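# Chain and residue survey
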Amino acid sequence: MSNFRWNYRSIVFLVSLLNILAILVFYPAKSQAELPKSDLSPIEVEQNKAPEAVVNQTVNTSIAPVTRKKAPNELQDRVTPVSQLLQVAPPTNKKAPNNAAGQTTSVSQLSDIKPTDWAFQALQSLVERYGVIAGYTDGTFKGDRSLTRYEFAAGLNAALDRLNELIATSTTDLVKREDLDTIKKLQEQFSPELAQLRGRLDGLEVRNAKLESTQFTTTTKLIGRSQIVLGDLIAGNNVVRKTPAPHNPTLQGVTSLRLNTSFNGKDSLGITIGGGNLESLGQTRAGLLGTYEGRTADNSSITFPRNTIIVSGIRYRFLPFPNTQVNIYPLSDGASEIGLSGPVNPYFESSSVTGANGISRFSRRSLVYNYGDSGPGIAILQGLGKQLQFGIAYSAPNGGNPTTNNGLFTGRYLALAQLIYYSGNRNFRVAATYVNTYSPPNTIGFSGTNFGPAVGSNLVNSTVPGVATLGNLYGLQAFYQVSSKLAINAWVSYGVHRYLGRGDAEAMDWAVGLAFPDLFSEGALGGILVGMEPKLTSLSNNVNLGKGLGQADRDTSLHVEAFYQYKIGDHIEVTPGLIWITAPDSDASNPDSLFAWIRTVFRF
């Protein structure tokens, strides 16, 4: 590693990080947090899920075994008897336990109503004569067994309500006089039980009204994620000024809220809002390092003021056919939508709702997915049996802007086609991806670049002023779950940039990652990744992107990353990690950079 410029604050920060790692390793707390769950169905519209399960990817394709917990308030497709609503125990043949005090605890224990009692026979005749319902789900009166006085009162109350309806709506004397006398006598004899029953029903109505008044909606789930991040650039230069970058620890944060709505159970409307103040380490020839290499996965958009609440995503998803999924997004993270089938690299990438597990943006996915910005578009995923998925997508980063060289079809665009193969047991997947992208002259994307993946060297993110740029990108990604404790992922990407009327360039990137589920603690996750961020490998002699005519990146810069995600229960996780970049900006004359990161995520 090249010379680091150390100071006492950097040493203290690094020692603190090592202490935290030592505590997590040698004194792991028990955790029941779940890793990404597998989805055995080829295509599935995202339902309203618990915060720890959801995400923004179109189809969940994680590998870990499925463990579905029944929601405590899950509705049952059945009618509950009145006696159960009133918390009256159902009849049982078991002998009641002896009461040492010899006391009764409710009126229902005083005596039972037997089928031979006059009250029982009187109510039964009313039920049969007027067709009233006595509160049982099968429509019968349970005439073959005894009833508690409370059960009998529940049936009597239901019969009274029904008879009152008949009397109110009838223009004739539908109810006989002798039946009215019987009803009056029954009301008098069971007045204590009826009063208690109606009191409880009134209480239930009040509680139900209160719940309805405070309920957000029956069809929408709110999912939240807040992050607190402690970061420090331990070593590194600004590659443009060739001077040491400031090495100041920072404490920053970001929050996102997502509303997931389903209108028919087979569709999903997702709306994401949020804001924060997480600064990127750098951008193309700007920022702390003067390069996108080492860019973290959590930083805020560079185009909006810090601590400003913005709408960052709107997406509607539906299934026109059982094996066809359509995403329409007037505003969304293009890379997430065009990924189509969810993360090929699940342990590092996760999803845009659950957040990335890896520390850097580069560790999530190959460069073929990184040329898109937030904007409108459409993505279609088609299942071809149980082991193949084919998808196409079109995204226009400036599609919401009606000015010249913008809009859906005259501005920047990205078109994608992708084929993914899954093994029968879903522990292996491989994706082949092709992307065609275009940027008109003098247009700037949300990432601050005219053209490029917004990761990697400055040259790969550059274009010629006043010249339109066309890109053809090819990617191959693979993932293999070796065991429940080890997974391997890798990718290689190749891109051809054409500066229209001027010349061409070639770009490449690659990476290999290891993931260690349940490392040291159940629910934890460790990760190590080594790769080469996107770099310009060749350039036409008559094109100058900032380093001279025909000058591509001279050296190879390696990206080395390690993180350990430690879960505290189901809703909190702490992820310390390191990013080490050799020869930043693909220039060996630049000293290596080292960045430490401790991310704490709260999900709700």
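For the structure itself, look to the data block above.
One structure accompanies this document, and this report is about it. All figures in this text were calculated on a predicted structure; none of them were measured in a lab. (Residues numbered from 1 in each chain as written. Predicted model: local features only at pLDDT ≥ 70, side-chain atom pairs only at ≥ 80, totals over all residues. Heavy atoms only, no water.)

### Regarding the side chain of Asp587
As a reminder of what qualifies: Helix and strand definitions follow DSSP, with helices as H or I runs of at least four residues and strands as E runs of at least two, each counted in order from the N terminus. A 1.4 Å probe rolled over the protein chains alone gives each residue an accessible area, and that area as a share of the maximum for its type sets the label: buried under 20%, exposed over 50%, partly exposed in between. In protein, a polar contact requires one atom able to donate a hydrogen and another able to accept it; more generally it is a pair of N or O atoms within 3.5 Å, and residues adjacent in sequence count only if both atoms are side-chain atoms. Throughout, a residue-residue contact means that at least one pair of heavy atoms, one from each residue, lies within 4.5 Å.
The residue Asp587 is located in the loop between β19 (572-581) and β20 (593-603) in this model. Taking relative accessible area as the criterion, Asp587 reaches 7% and is therefore assigned buried. In terms of polar contacts, Asp587 uses its side chain to reach the side chain of Arg554, at 2.9 Å. Not counting the four nearest positions on each side in its chain, Asp587 is found in contact with Lys242, Arg554 and Asp555.

### So, the pattern of salt bridges
We count it as follows: Each reported salt bridge corresponds to a side-chain nitrogen of Lys or Arg within 4 Å of a carboxyl oxygen of Asp or Glu.
Enumeration over the complete set of coordinates arrives at seven salt bridges. A salt bridge links Lys242 to Asp587, with the shortest nitrogen-to-oxygen separation between them at 3.3 Å. You can see Lys242 sitting in the loop between β4 (237-238) and β5 (243-244) and its partner Asp587 sitting in the loop between β19 and β20, a full 345 residues away along the chain. Residue classification places Lys242 among the partly exposed residues on the basis of a relative accessible area of 42%. Sharing partners across several salt bridges, the network here consists of Lys242, Arg554 and Asp587.

### Some remarks on the packing of helix α3 (residues 118-130) against helix α5 (residues 177-189)
Formally: Whenever a helix is involved, its axis is fitted only over the stretch in contact; in every case the axis is a line through C-alpha atoms, and angles between N-to-C directions fall within 0 to 180 degrees. Note on angle classes: values under 35 degrees are labelled roughly parallel, values over 145 roughly antiparallel, values of 65 to 115 roughly perpendicular, and the remainder oblique. The sense of a crossing depends on the near helix, which, turned anticlockwise from the far helix by less than a right angle, makes the crossing left-handed and, turned clockwise, makes it right-handed. Three classes are used: nonpolar for Ala, Val, Leu, Ile, Met, Phe, Trp, Tyr, Cys and Pro, charged for Asp, Glu, Lys and Arg, and polar for all others, with Gly counted as polar.
Contact geometry for α3 and α5: axes closest at 11 Å, N-to-C directions at 135°. Taken together, the axis directions place α3 and α5 in an arrangement best described as oblique. In the crossing of α3 with α5, the sense of the turn from one axis to the other is left-handed. Where α3 approaches α5, its residues Trp118, Ala119, Ala122, Leu123, Leu126, Arg129 and Tyr130 are matched on the opposing element by Asp179, Thr182, Ile183, Lys185, Leu186 and Gln189. Grouping the constituent residues of the contact of α3 with α5 by class yields eight nonpolar, two polar and three charged.

### What about α5?
Inclusion rule: Residue count minus one, scaled by 1.5 Å, sets the expected span of a helix. Note that the arc is defined by the directions from the helix axis to the C-beta atoms.
Compared with an ideal rise of 1.5 Å per residue, which puts 13 residues at 18 Å, α5 spans 19 Å between its outermost C-alpha atoms and is within 8% of the ideal. Looking only at α5, the buried set comprises Asp179, Ile183 and Leu186. When α5 is viewed along its axis, its buried side chains cluster within an angular range of 65° and face the same direction. Looking at α5, the residues exposed on the side facing more than 90 degrees away from the buried face are Arg177, Lys184 and Glu188.

### Brief notes about a nonpolar patch on the surface
To keep things clear, this is the line we draw: Patches here are clusters of residues that have more than 30% relative accessible area and form no salt bridge, with a 9 Å joining cutoff for like charges and a 5 Å cutoff for nonpolar side chains (Val, Leu, Ile, Met, Phe, Trp, Tyr). All accessible areas in this document rest on Shrake-Rupley with a 1.4 Å probe, and a residue is counted as covered only by the protein chains that are shown.
On the surface, Leu476, Tyr480, Val482, Ile488, Val492, Trp510, Val512, Leu514, Ile528, Val530 and Leu558 cluster together into a nonpolar patch covering about 810 Å² of accessible area. Elements supplying a minimum of two residues to the nonpolar patch: β14 (469-483), β15 (486-499), β16 (503-517) and β17 (525-539). The residue Ile488 is located in strand β15 in this model. The exposure class assigned to Ile488 is partly exposed, which follows from its relative accessible area of 32%.

### Considering unusual backbone geometry
For Lys242, which is not glycine, the phi torsion reads 60° and is therefore positive. The backbone of Ala583 shows a phi angle near 45°, a positive value even though the residue is not glycine. Along the chain, Ala583 falls in the loop between β19 and β20. Judged by its relative accessible area of 9%, Ala583 is buried.

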